[in-house]
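Residue-level listing of the chains:
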Amino acid sequence: MWDGFLAGLSAFSSWQVMAGLLGGVVIGYVVGALPGLSAGVGMALLIPFTFGLDPVVSVVMLVSLYMASEYSGAIPAILVNTPGEPSSAITALDGYPMRERGEAGQALTLSILGSAVGSVLSTIMLIFTVAWMTKIALAFGPAEYFALAVLGLSLISTLAGHSVLRGIIALLFGLLLTTIGTDPVDGIMRYVVSDGLLGGIPFVAALIGLFGLSEVLKMLETRGDQTTPLKDLPGLSAQFGLLKPHTGNVIRSTFVGYILGVIPGAGATIASITAYSLQKRLSKSPQTFGKGNPEGVVAAETANNACMPGALAPMLALGIPGKASTAVLVGALAIQGVRPGPLIFTQHPEIPYSIYIALLVGMPFMVALGLFGSRLWVRLTTIPAGVVTAMVCATCLLGVFSESNDMFAVSIAVAFGIVGYLLSKVEIEPAPIVLALVLGYMMESNFRRALVMSGDDPAVFYTSPIAAFCLVSALIVFVLPLLQNFRSRRSEGEHAKMGGNPSKV
Amino acid sequence: MSGPSLDPSAARCNVAADDAPPFECRMEIGDLVAGAALFAFAGLFWVLGGEIDNGGFGVGAADFPRGIALLLGVASLILFANAVLRLARGDTQEMLCIGRPARVAMGMALLIAFPPAMSHIGYYPAMALFMAALLWVADCRSPLRIVAYVAGFLVFSKVVFEMILSIPLP
């Protein structure tokens, strides 16, 4: 291992590698902050520029882009309620209410510091557990993936606000939408009323519509010449102190993010929602989640950034890309004649160790950019709301088009924007719809595959220890809040008899 | 006689008192409309799901969406029924508010018009018209500022998306 580290360190003595690292961080920062452009898209766009580069420079540049874009998705999520990356949708739940209170600087500071600590701790775990964690990832078959998706969906009660029924409706609405397109097992077309729907509802368009464009319509409800009063940020050194009260939260969220990152396909969104949900349960003030609780921002951002090094484990150890971004990275390495897998540690040790070092060395640059940025970006909130409304709307529409090169996707985003706005008026929030859009396909395809592979024997879901554990956990996670809700409604009902108001269903 | 600052509906909807009056209705009415619309949506998926080839064995291509449609139908009926019950009891003061409804409607109209406009006249003219109109709707009334913001955004599109990221804009 130490030989590999030395090979990686010697590669970092070249100025080209350091330039690649800085370039990757800056480009990733911009790509992640633009709604519609994901890390995968940014990396794919950068690949043609890496053809003539040394493999180490190329991989360092792409990995630092990946790392920076995973963080910077939080910037538009906090400032304009438009997630730059799907996983940042969870950050927006508390980040945007904080911005509305004039605490945008604090939210941005917590998000960058949480991201940094999560990413560094997760990278250290990656270095020491890469082989072991990969074995766990390999134990996941269709039944386990289905159970994991069910566990993810059971966290709905966390996102449902004060009405579980409305949360369930949003979830079912999202799940129904995921059934549009080509069926994942038999290839049969379902509800395809236009060719644009053959591949299903375009996810990025739906995400941007539900969060970004519906927020634009909400912004039009208030005067456009108003600005948000801004609370002062502490000095740079005191900014670091803002994370201190969240130490336990950061450590927990890092573990959640890393473990879920290792499982191919699980992804940063599930990691964010799981960490957010866990923190809400452990918090002393769970009722303030979704209303601007900094713990929510820290949990979501730490987990989604801790997820990223985890996602590299199966790629490096087995050559299995668990998500689009790592698939692009595998492609970039293949162009350079390097094939990820067990042999990479012996044939090209400088590659994996350069990745580890890039993740560790790139982080201070990202933190510096983030802390400086948090002072700069918050100025956006002092621009008149009407101008921000138009800019956000135009960026969302442009982002959707550039992600798909398809006008149909823009129309879908507009439709989701209007529907999301109208649903939010009856307190059916977009976050559970997005959760369902992320997990619906994974749930259905693996449920049906598991049954096909077991000859329609449902025992496959409880004879596998991992699947059984996930399903039992899902049941507990889903039922416990319902029971608590039922108890609190009963006690509220008793109070109402004495003159209060009953709670919403 | 009460002045504009005492307008209770403006205060409830967080709208300036000297602005256009907000649209208001009881939350139960919103629940009734949402429940009915979602029930119709679920019904549509259930009915159309019947026409999907369900495959040979096990859980077929139609079973999963129809199962979800059934659950959504039941959940939306509960929302609807709850709203009816609460309306009958008349025991809530919660209101559904839409501040400046005319502006919101104009915003929706602009959004709906943008994709066909971009298809027909291209990105740059469509975005210029769209942004200028949206800025006006969002209370930016200085023509000079509108031109500056629109020009700035179009230059940003050209430089970042077309020149740096090589994404062609129609």
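Definitions and cut-offs
Residues numbered from 1 in each chain as written. Chains lettered and ligands numbered in written order. Predicted model: local features only at pLDDT ≥ 70, side-chain atom pairs only at ≥ 80, totals over all residues. Heavy atoms only, no water. Helix = DSSP H or I, 4+ residues; strand = E, 2+ residues; numbered from the N terminus. Buried < 20%, exposed > 50% of the residue type's maximum accessible area, 1.4 Å probe, protein only. Contact = heavy atoms within 4.5 Å. Areas by Shrake-Rupley, 256 points an atom, 1.4 Å probe, with all protein chains shown as cover. Rg over C-alpha atoms; globule rule 2.2 N^0.38 Å. Salt bridge = Lys/Arg side-chain N within 4 Å of Asp/Glu carboxyl O. Nonpolar A, V, L, I, M, F, W, Y, C, P; charged D, E, K, R; others polar. Axes fitted to C-alpha atoms, helices over the stretch in contact; angles between N-to-C directions. Left-handed = near helix turned anticlockwise from the far one by under 90°. Core = buried A, V, L, I, M, F, W, Y, C linked by side-chain atoms within 4.5 Å. Domains from an automatic or database assignment. Expected span 1.5 Å × (residues − 1). Bend = angle between axes of the 7 residues up to and from the residue. Polar contact = N/O pair within 3.5 Å; in protein donor to acceptor, adjacent residues only side chain to side chain. Phe/Tyr/Trp six-rings, centres within 6.5 Å; stacked < 30°, edge-to-face > 60°. Lys NZ or Arg CZ within 6 Å of the ring centre and 35° of its normal.

S.K.: Could you give an account of the overall build of chain B, with specific residues and numbers?
M.R.: A count of helical and extended segments in chain B gives six helices and two strands. Reading chain B from its N end, one meets helices and strands in the order α-β-α-α-β-α-α-α. Across the 170 residues that make up chain B, the buried fraction comes to 42%. In chain B, once contacts between residues fewer than 6 apart in sequence are set aside, the share between residues at least 24 apart is 63%. Accessible surface for chain B amounts to roughly 8,700 Å². Of this, 72% is attributable to carbon and sulfur atoms.

S.K.: Tell me what's going on with the overall build of chain A, and back it up with residues and numbers.
M.R.: Within chain A one finds 23 helices and two strands. A compact globule built from 505 residues would reach a C-alpha radius of gyration of about 23 Å, and chain A, at 22 Å, matches this within 12%. Along the longest, intermediate and shortest principal axes, the C-alpha atoms of chain A span 75 × 60 × 45 Å. In chain A, which comprises 505 residues, the share counted as buried stands at 61%. Across chain A, the fraction of contacts at a sequence separation of at least 24, relative to all contacts at a separation of at least 6, is 79%. Roughly 18,000 Å² of accessible area belongs to chain A as shown, and the carbon and sulfur atoms make up 68% of that amount.

S.K.: Account for the interface of chain A and chain B, with residues named and values stated.
M.R.: Chain A puts 62 residues into the contact, and the matching count from chain B is 73 residues. Taken together, the links from chain A to chain B amount to one salt bridge. Where the side of chain A that touches chain B is concerned, the elements lending two or more residues are α10 (164-178), β2 (189-190), α11 (203-219), α19 (385-404), α20 (407-425) and α21 (430-453) of chain A. The element that contributes the greatest number of residues to the side of chain A that touches chain B is α19 of chain A, accounting for 12 residues. Partitioned by chemical class, the residues of the side of chain A that touches chain B number 38 nonpolar, 11 polar and 13 charged.

S.K.: Residues and numbers for the packing of helix α13 (residues 247-262) of chain A against helix α14 (residues 267-282) of chain A, please.
M.R.: All names here are of chain A. In contact at an axis separation of 9 Å, α13 and α14 are set at 150 degrees when each is read in the N-to-C sense. For the element pair α13 and α14, the recorded crossing hand is right-handed. Along its contact with α13, which presents N249, R252, S253, V256, G257 and L260, the element α14 presents G267, I270, A271, T274, A275, L278, Q279 and L282. Split by residue class, the contact of α13 with α14 holds seven nonpolar, six polar and one charged.

S.K.: Tell me about the pattern of salt bridges, and please be specific about residues and values.
M.R.: Residues and elements named next belong to chain A. Scanning the model with the defined rule gives 14 salt bridges over all chains in all. The partner of R190 in a salt bridge is E444, with the nearest N and O atoms 2.7 Å apart. Taken together, the residues span a long stretch of sequence, with R190 in strand β2 and E444 in helix α21 at a distance of 254 residues. A relative accessible area of 1% places R190 in the buried class.

S.K.: Can you lay out the environment of R26 of chain B for me, pointing to particular residues and giving the numbers?
M.R.: Note on placement: R26 of chain B falls in strand β1 (residues 23-26). Separated by 71 residues in the primary sequence, R26 of chain B and C97 of chain B place their C-alpha atoms 8.7 Å from one another.

S.K.: Run through the nonpolar core, naming residues and quoting values.
M.R.: Within the largest apolar cluster, 209 residues are counted, with the highest numbers of intra-cluster contacts made by L312 and L397 of chain A together with M127, F130 and F161 of chain B. Shared between two domains, this core holds at least three residues of each, these being domain 1 (23-98) and domain 2 (101-164) of chain B. Not counting the four nearest positions on each side in its chain, F130 of chain B is found in contact with C393 and L397 of chain A together with L110, L111 and F114 of chain B.

S.K.: Describe the domain arrangement of chain B, with residues and values.
M.R.: By convention, interface size is frequently given as the accessible area that disappears when the constituent parts associate. What the domain assignment lists for chain B is domain 1 (23-98) and domain 2 (101-164). Placing the centre of domain 1 of chain B and that of domain 2 of chain B at their C-alpha centroids yields a distance of 36 Å.

S.K.: Give me helix α15 (residues 294-318) of chain A: which residues, what numbers.
M.R.: All names here are of chain A. Helix length check: α15 (25 residues) gives 38 Å between terminal C-alpha atoms against 36 Å at 1.5 Å per residue, within 8%. Where α15 bends most, the angle comes to about 25 degrees, and this point is M308, followed within four residues by the proline P309. Here α15 lies mainly inside the structure; 23 of its 25 residues are buried. The backbone nitrogen of E295 has a side-chain oxygen 2.9 Å away, supplied by the residue at the start of α15, namely N293. Trailing α15 by a residue or two, G319 shows a phi angle of about 80 degrees, which is positive.

S.K.: So what about helix α2 (residues 15-33) of chain A? Which residues, and what values?
M.R.: Under the 1.5 Å per step criterion, the end-to-end length of α2 of chain A is 27 Å for 19 residues, consistent within 8% with the ideal 27 Å. Listing the buried residues of α2 of chain A in full gives V17, G20, L21, G24, V25, G28, Y29, V31 and G32 of chain A.

S.K.: Describe in detail the packing of α13 of chain A against α15 of chain A, supporting the description with residues and values.
M.R.: Axis angle and axis distance: for two packed helices, these are the angle between their axes and the distance between the axes, and together they describe the pair. Residues and elements named next belong to chain A. Viewed as axis vectors pointing N to C, α13 and α15 meet at an angle of 35 degrees, and their least axial separation amounts to 6 Å. Relative to α15, α13 is oriented so that their crossing is right-handed. Judged by residue contacts, N249, V250, S253, T254, G257, Y258, L260, G261 and V262 of α13 engage E295, V298, A299, T302, A303, A306, C307, P309, G310, A311, A313 and P314 from α15. Grouping the amino acids of the contact of α13 with α15 by side-chain chemistry returns 13 nonpolar, seven polar and one charged.

S.K.: Tell me about the packing of aromatic side chains, and name the residues and values.
M.R.: Tallying each qualifying case throughout the model produces 14 aromatic pairs over all chains. Here F146 of chain A and F447 of chain A contribute two aromatic rings whose centre-to-centre distance is 5.0 Å and whose plane-to-plane angle is 40 degrees, an arrangement assigned as tilted. Here the residue F146 of chain A occupies a position in helix α8 (residues 142-154), and F447 of chain A occupies one in helix α21, the gap between them amounting to 301 residues. With a centroid separation of 5.5 Å and an interplanar angle of 15 degrees, the aromatic rings of F447 of chain A and F461 of chain A are classed as stacked. Here the residue F447 of chain A occupies a position in helix α21, and F461 of chain A occupies one in helix α22 (residues 460-463), the gap between them amounting to 14 residues. Put simply, the rings of F173 and Y191 of chain A together with F41 and F45 of chain B touch in pairs and so form one group of aromatic residues. Just above the ring of W46 of chain B sits the side chain of R66 of chain B; from NZ or CZ to the centre is 3.9 Å. Cation over ring: R141 of chain B sits above W136 of chain B, and NZ or CZ is 4.1 Å from the ring centre.

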